[in-house]
Amino acid sequence: MTRAKLKLSAFEATYVPVINRYLAQAVPVDSDQALLADAMTYSVNAGGKRLRPLLTLAVLKTLRVPLTEAHIRAASALELLHTYSLIHDDLPAMDNDNLRRGVPTNHVKFGAGMATLAGDGLLTLAFQWLTDSQLPVAQRLQLAQQLAIAAGPSGMVAGQAQDISSEHQQLELAQLEQLHRQKTGALLHYAVQAGTIMGEVTGETTRLLLAFADQFGLAFQIYDDLLDVTATTAELGKQTHKDAAEAKNTYPGLFGVAGTRQRLREVVASAEQNLTELQRVTGLDTSLLASFCSYFRVKE
């Protein structure tokens, strides 16, 4: 195991349980209807990498900000919103997936109507958690505004809409990357941006962190596309080989597997270069954020 992977594993071992514990305890408190609460907690507690809140916390650690419960609440709010997007993405009217994180999807367990409401509940609860935390008022306002932009009709939702409307059409590279910057990259951009907001940094520090975030988000989607054609359902915990069957636009569809692997290497290198430059300019230790790039394991 590489040094970067060891560093990331140690960070995950420390903070994934913190995030999981907070989610498991706090979600039911804010849910007044028993079946709805069950449906919401079912998907939230189904597991997952917790990558987005981990990125937020890693930015704060990099900026030497002592972590508080308010930071954990704000970071966990992003996981609520991410989980809502997965529930709705899996619905019969969307991707009609039956497996997510190795367990039946929410609509398989609770029905499409309750799954839709569970997603609605998590979406709105995310903003409640941002706005009722103990963070400074200015930070709460900025976090809520930027998450709305990232998740809304100029961000993630726009990317999902473009994904649907582009089926059976071959997008060019620039169009494909724009789709994925919105569909997948927008929430990863926000994950890092939330750290800069709570860390109260501006200027070149923010610019380089967000440049890293955008390249990391692009790499994440490229890697996801690659796994869809190279991994098994058991390995991913969700159905694979669906993108080609549904005529979706993907990197392997445009470049083939070998070309996609090369593109992934290039984008990861660009993400790492932004962190190298940040460390040179600010003197900050960026090794924790750089360790997130070890997530992308490119097999030959």
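Procedures and definitions
Residues numbered from 1 in each chain as written. Predicted model: local features only at pLDDT ≥ 70, side-chain atom pairs only at ≥ 80, totals over all residues. Heavy atoms only, no water. UniProt positions renumbered as here; feature names shortened; annotations may be inferred. Helix = DSSP H or I, 4+ residues; strand = E, 2+ residues; numbered from the N terminus. Rg over C-alpha atoms; globule rule 2.2 N^0.38 Å. Buried < 20%, exposed > 50% of the residue type's maximum accessible area, 1.4 Å probe, protein only. Contact = heavy atoms within 4.5 Å. Phe/Tyr/Trp six-rings, centres within 6.5 Å; stacked < 30°, edge-to-face > 60°. Lys NZ or Arg CZ within 6 Å of the ring centre and 35° of its normal. Salt bridge = Lys/Arg side-chain N within 4 Å of Asp/Glu carboxyl O. Expected span 1.5 Å × (residues − 1). Polar contact = N/O pair within 3.5 Å; in protein donor to acceptor, adjacent residues only side chain to side chain.

As annotated in an unreviewed UniProt entry, the chain carries the name Farnesyl diphosphate synthase and is attributed to Secundilactobacillus similis DSM 23365 = JCM 2765. Quoted straight from UniProt, the Catalytic activity (unreviewed entry) entry for the chain says "isopentenyl diphosphate + (2E)-geranyl diphosphate = (2E,6E)-farnesyl diphosphate + diphosphate". Listed in UniProt under the heading Cofactor (unreviewed entry), the comment for the chain reads: "Mg(2+)".

Visitor: Any details on the overall build of the chain? Residues and values, ideally.
Guide: A count of helices and strands for the chain gives 15 helices and two strands. Its C-alpha radius of gyration of 19 Å places the chain within 12% of the 19 Å reference for a compact globule of 300 residues. Buried residues in the chain amount to 53% of all 300 residues. Long-range contacts, defined as pairs at least 24 residues apart, comprise 75% of the intrachain contacts of the chain with a sequence gap of at least 6.

Visitor: Can you explain the packing of aromatic side chains? Please cite residues and give values.
Guide: The final tally for this structure, using the stated rule, is 10 aromatic pairs. Arranged with centres 5.8 Å apart and planes meeting at 45°, the rings of Phe 212 and Phe 216 form a pair that is tilted. Of this pair, Phe 212 and Phe 216 both sit in helix H11 (residues 203-230), four residues apart, roughly one helical turn. The burial state of Phe 212 is the same as that of Phe 216; both residues are buried. Ring centres of Phe 216 and Phe 296 lie 5.2 Å apart, and the angle between their planes is 55°; on these two criteria the pair is classed as tilted. Remark: Phe 296 occurs in the segment after helix H15 (287-291) and Phe 216 occurs in helix H11; sequence separation between them is 80 residues. Both residues of the pair, Phe 216 and Phe 296, count as buried. Just above the ring of Phe 220 sits the side chain of Arg 52; from NZ or CZ to the centre is 5.4 Å.

Visitor: Just give me the short version of the pattern of salt bridges, but keep the residues and values in it.
Guide: Counted under the stated rule, the structure contains 10 salt bridges. Arg 100 is paired through a salt bridge with Asp 90; the nearest N and O atoms lie 2.8 Å apart. You can see Arg 100 sitting in strand E1 (residues 99-100) and its partner Asp 90 sitting in helix H4 (residues 69-90), a full 10 residues away along the chain. Given a relative accessible area of 16%, Arg 100 falls into the buried group. The buried category is assigned to Asp 90, whose relative accessible area is 3%. With a shortest N-O distance of 2.8 Å, Arg 207 and Glu 204 are connected by a salt bridge. Here the residue Arg 207 and the residue Glu 204 both occupy positions in helix H11, the gap between them amounting to three residues, near one helical turn.

Visitor: Hey, could you go over the environment of Gln 273 for me, with residue numbers and the actual values?
Guide: Following the sequence through the fold, Gln 273 ends up in helix H14 (residues 251-282). On a C-alpha basis, the gap between Gln 273 and Leu 208 in space is 9.5 Å, while along the polypeptide they are 65 residues apart.

Visitor: Could you give an account of H11, naming the residues involved and the relevant values?
Guide: Given a rise of 1.5 Å per residue, 28 residues ought to cover 40 Å, and the 40 Å separating the end C-alpha atoms of H11 matches this to within 8%. Burial analysis of H11 places 20 of its 28 residues in the buried class, the great majority of the element.

Visitor: Before we move on, can you summarise the side chain of Thr 250 with the specific residues and values?
Guide: By secondary structure assignment, the location of Thr 250 is in the loop between helix H13 (242-245) and H14. Relative accessible area serves as the criterion here: at 11%, Thr 250 is assigned to the buried category. In terms of polar contacts, Thr 250 uses its side chain to reach the backbone amide nitrogen of Gly 253, at 3.0 Å.

Visitor: I'd love a proper account of the environment of Ala 77, names of residues and values included.
Guide: Considering the arrangement of structural elements, one finds Ala 77 in helix H4. Each C-alpha atom, one on Ala 77 and one on Leu 130, is 6.6 Å from the other, the two residues being 53 residues apart in sequence.

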